Amino acid sequence: APAQAEVAPADATHRLDVYISGYITPHCAVAPRGATSLSFGAIMDSHTGEAVAGSLDLPFSFECNTAYTASLISRHGGLAVQGGASAPGFSSLVDYSASLGLAHHDGDLSLDCDSAQMRSTGDYGDEPHSNCKTRSHGHEFSAGDGVVKLRLKAGGQPLLQGTYSDELLLLISPNVGG
């Protein structure tokens, strides 16, 4: 039997419209441009026993495909003496400040906080949060270089012997839901 041709429906036209779509998940990435383990070196004034001023720079690059929030989060809220030692009249925590500078296409974004503001207000491991954050404006792709400038604060009470340390987290995350 010969094949029969398909017959177009009576309401057929000369064109076919097809809806096509795709989806992009909000995403940010940050990468160091150098060492991720930094040291101020000796942090005590040998004459007074107090903290000395110091500075460190942590350069990085970043990109986000949407508006974002940048946060600086400190595990201890300062450089804490290891082992948790304490003694009356001595400091077991040395304050520092951090300045975050981000260059992106809508203009530079900056943030200045001291270590107390950066102290983690939640579980540092799973859901870290702090009071040191800023939001970008706009909803376009952003990418560029940035730097976190750390400044150790001089003075305060004399320091205990030992190693003082902290973990600082730079978190750049998409603004989801407004």
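A quick note: this is a predicted structure, and the numbers were derived from the prediction, not measured. (Residues numbered from 1 in each chain as written. Predicted model: local features only at pLDDT ≥ 70, side-chain atom pairs only at ≥ 80, totals over all residues. Heavy atoms only, no water.)

J.: Describe the overall build of the chain, listing the residues and the values that go with them.
T.: Across its full length, the chain carries one helix and eleven strands. Its helices and strands in sequence order give the chain the pattern β-β-β-β-β-β-β-α-β-β-β-β, from N to C terminus. Dimensions of the chain, computed from C-alpha atoms along their principal axes, come out at roughly 105 × 30 × 30 Å. Scored against the burial criterion, the 178 residues of the chain give a buried share of 30%. For the chain, the share of sequence-separated contacts (at least 6 apart) that also reach a separation of at least 24 residues comes to 80%. Summed over all atoms, the accessible surface of the chain reaches about 11,300 Å², with 52% contributed by carbon and sulfur. (Helix = DSSP H or I, 4+ residues; strand = E, 2+ residues; numbered from the N terminus. Buried < 20%, exposed > 50% of the residue type's maximum accessible area, 1.4 Å probe, protein only. Contact = heavy atoms within 4.5 Å. Areas by Shrake-Rupley, 256 points an atom, 1.4 Å probe, with all protein chains shown as cover.)

J.: Which residues make up the state of the cysteines, and what are the values?
T.: Structurally, a disulfide amounts to a covalent bond that connects the sulfur atoms of two cysteines. Taken as a whole and assessed by the stated rule, the structure comprises two disulfides. C28 shares a disulfide with C64; S-S distance 2.1 Å. Its S-S torsion of about 125° marks the bond between C28 and C64 as right-handed, since a negative value means left-handed. Of the two residues, C28 is situated in strand β1 (residues 28-32) and C64 in strand β2 (residues 54-64); the sequence distance between them amounts to 36 residues. Residue C28 is classed as buried on the basis of its relative accessible area, which comes to 14%. In this model, C113 is linked to C132 through a disulfide, with the two sulfur atoms separated by 2.1 Å. (Disulfide = S-S within 2.5 Å.)

J.: Could you give an account of the side chain of T69, naming the residues involved and the relevant values?
T.: Its place among the elements puts T69 in strand β3 (residues 68-74). Setting aside anything within four residues of it in sequence, one finds T69 in contact with K133, T134, R135, L171, I172, S173 and N175.

J.: Lay out the sheet that holds β1 with the relevant residues and their values.
T.: Taking strand neighbours across the sheet as the criterion, the five strands line up as β1-β2-β9-β6-β7 in an open arrangement whose pairing is antiparallel. Edge positions in the sheet fall to β1 and β7 (109-114), since each of these pairs with one other strand and no more. Sheet twist, expressed as the average angle between the axes of neighbouring strands with direction ignored, equals 20°. Where β2 lies against strand β9 (residues 142-152), eleven bridges are found, and the strand directions are antiparallel. (Pairing = 2+ DSSP bridges. Axes fitted to C-alpha atoms, helices over the stretch in contact; angles between N-to-C directions.)

J.: Give me the side chain of S74: which residues, what numbers.
T.: Relative to the helices and strands, S74 is located in strand β3. Residue S74 is classed as buried on the basis of its relative accessible area, which comes to 0%.

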